[in-house]
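Inside the fold
For reference, the chains in residue letters:
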Amino acid sequence: MARGAMPETASSQACARDGAVEGAGATLRALMPESAAAAASSPVPGGFTRARFFWPMPVCIDRGDGPFVWDLDGHRHIDCLLGFGTMILGHRHPAVISAVQRQLARGTHFGATTNPERELAETILANVPGGERIVFLNSGTEATLAAVRVARAATGRVKIAKFEGGWHGWHDYLLHSFMRHAGPERQPEAVPESLGIPTAMGEVIVSLPFNHPAAFDLIRQHANDLAGVIFEGVQGSAGGLAADAEWLMQLQQTCRQAGVIFICDEVITGFRLGPGGIAGKLGLEPDLTTLGKAIGGGFPVGALAGRTDLLDLIEPNAGGDRVLLAGTFSANPVTMVAGKAQLDALLDDPVAFELLDALGERMRCGLTEAMSDAGVAGAVAGVGSLWGLHLGVEGPLRSVRSPAPNGDPTGDRLLAGYLLGEGVLMAAPVHLGFLSTCHTEHLVDEVIDAHGRALAKMKADGILG
């Protein structure tokens, strides 16, 4: 056999798996011909702006109601994607729809401020730890970009530290070391995750190991050049990997001692894990907090909240200098009223977060059992009403490095496609799921059963061993 050639048995297995993948994709396309046709005829690359999350083609949704969505072919799916976590009350919640309709009658966009901006700001700041001031933007990506700029302006330093596995949007400054990693775990290298990112960006990014004490030494080592450290208490886009509570408390203390801005990215976890997000759950008080998703009620939104002295840097000083943040649609009144209505409905329900947490725990336990029953190796991570399923791994998942040696990226990607055939909408390759207040124990059990059927079919098709 030639050097570097694949052994014949492994090559045969790979070919068989490729054939199984192609066959399964053809079956799904035949099941949803309208979605397949829409994707094939679309001028958008891949058929859909976010096509990378779906296999074998982007499913085209026609409508949603409560915990369900219907695709163009009329199939109903239990929605565990929920607009990537945005729709925490489910689709078409009456309070949100009513608030939006009232605002539409007044107008959709003015440029000048409106009362709904102040009202949503007050609701958020009453719940976010350390929140004294807030500015609204249009996405979570804009929120983290704003946090980077404010931290640099406040400290006069240039570098920003982030953790491996952390997703903080797609801008150049933080789109490093998300899925990829390099260097020793105790001193990781910043790895760009996209074409088009200048290599010079690596000079101002400090990559840190998640859930590892070596992160504290690196922060102290770079303190003189380090403006801020941004983190997720639960790395949602890494599949629900949770930080240890004591480790996060030490992280906060280290940043305080080093004079580094402590930035909590709550775009996914804000108002999902509780009124105060992960920070409120663990007793943290960030200097800056980024928000998005749930605070917009289904409309585009981002926000940066935090200490008065930091947020007031956006106001011109005596010399006329300031942190410039902009956006034509920032604080759009339709988004503001939708977000206020969603948060009010959530916060006014005394058992909402308790029920969401209980449903999430039921899901994680049930999925663990479903994998065991199917004879499939895997682990389930997550906190509260979000979870991540990782195929081909064993044991607790503490960082993106831990599943890498034994993970099954092909299986992870295809599972969401198989679940579409079982009436469940999720995304891939990161198998991250969300629940809403509209979901019930019965629906959670249906999703668990659907996973069991999907895993069994993947084994029968030769995709899972």
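Higher on the page you've got the structure.
Quick look at the structure, then. (Residues numbered from 1 in each chain as written. Predicted model: local features only at pLDDT ≥ 70, side-chain atom pairs only at ≥ 80, totals over all residues. Heavy atoms only, no water.)

Notes on the packing of helix α12 (residues 352-374) against helix α14 (residues 441-460)
Here is the rule we go by: In this description, a line fitted to the C-alpha atoms serves as the axis of each element, helices being fitted only across the stretch in contact, and the angle between N-to-C directions of two axes falls anywhere from 0 to 180 degrees. Going along the chain from the N terminus, every DSSP run of H or I of four or more residues is numbered as a helix, and every run of E of two or more is numbered as a strand. When describing relative orientation, an angle under 35 degrees is termed roughly parallel and one over 145 degrees roughly antiparallel, while 65 to 115 degrees is termed roughly perpendicular and anything else oblique. We call a crossing left-handed when the near helix sits turned anticlockwise from the far one by less than a right angle, and right-handed when that turn is clockwise. A contact between two residues is defined here by any heavy atoms of the two lying within 4.5 Å. Residues are grouped as follows: nonpolar covers Ala, Val, Leu, Ile, Met, Phe, Trp, Tyr, Cys and Pro; charged covers Asp, Glu, Lys and Arg; every other residue, Gly included, is treated as polar.
Two numbers describe how α12 lies on α14: the axes approach to 9 Å, and their chain directions differ by 25°. Judged on the interaxial angle alone, α14 and α12 are roughly parallel. Of the two elements, α12 crosses α14, and the hand of that crossing is right-handed. Contact residues: α12 offers Leu 359, Arg 362, Met 363, Gly 366, Leu 367, Ala 370, Met 371 and Ala 374, while α14 offers Glu 441, Val 444, Asp 445, Val 447, Ile 448, His 451, Gly 452, Leu 455 and Lys 459. Here the residues of the contact of α12 with α14 are counted per class, giving 10 nonpolar, three polar and four charged.

Side note on the sheet that holds strand β14 (residues 386-391)
Heads up, the rule is: Strands are treated as partners if at least two bridges between them are detected by DSSP.
Strand order in the open sheet formed by three strands is β13-β14-β16, with antiparallel pairing between adjacent strands. What marks the edges here is a single partner per strand, and that holds for β13 (378-383) and β16 (432-434). Within the sheet, the average angular offset between the axes of one strand and its neighbour, ignoring direction, is 20°. Bridging between β13 and β14 involves six bridges; their strand directions are antiparallel. Counted as the bridge partner of Ala 379 is His 390 from β14. Of the strands in this sheet, β13 and β14 are in contact with α12, which crosses β13 at around 175°.

Structural notes on the sheet that holds strand β12 (residues 302-306)
Ordered in space as β4-β12-β11-β10-β7-β5-β6, the seven strands form an open sheet in which the pairing is mixed. The sheet terminates laterally at β4 (133-137) and β6 (205-208), the two strands that pair on one side only. Ignoring strand direction, the axes of neighbouring strands in this sheet form an average angle of 20°. The pairing of strand β7 (residues 226-231) with strand β10 (residues 261-265) spans four bridges and is classified as parallel. Looking at β10, one finds that Ile 230 is bridged to Ile 263.

Section: the pattern of salt bridges
Quick note on the threshold: For this analysis, a salt bridge means a side-chain nitrogen from Lys or Arg found within 4 Å of a carboxyl oxygen belonging to Asp or Glu. Relative accessible area decides the class of each residue, using a 1.4 Å probe on protein chains only: under 20% of the type maximum gives buried, over 50% gives exposed, and in between gives partly exposed.
Across all of its chains, the model carries 17 salt bridges by this definition. A salt bridge links Arg 180 to Glu 193; the shortest N-O distance between them is 3.8 Å. Here the residue Arg 180 occupies a position in the loop between β5 (159-163) and β6, and Glu 193 occupies one in the loop between β5 and β6, the gap between them amounting to 13 residues. Using a relative accessible area of 47% as the deciding quantity, one classes Arg 180 as partly exposed. Residue Arg 362 pairs with Asp 445 through a salt bridge whose shortest N-O separation is 2.9 Å. Taken as a pair, Arg 362 in helix α12 and Asp 445 in helix α14 lie far apart in primary sequence, 83 residues in all. Through salt bridges that share partners, Arg 256, Asp 287, Arg 307 and Asp 309 make up one connected network.

Re helix α7 (residues 214-221)
What α7 keeps buried is the set Ala 214, Ala 215, Phe 216, Leu 218 and Ile 219. For α7, the secondary structure elements touched by its buried residues are β5, β6, β7 and α8 (245-258).

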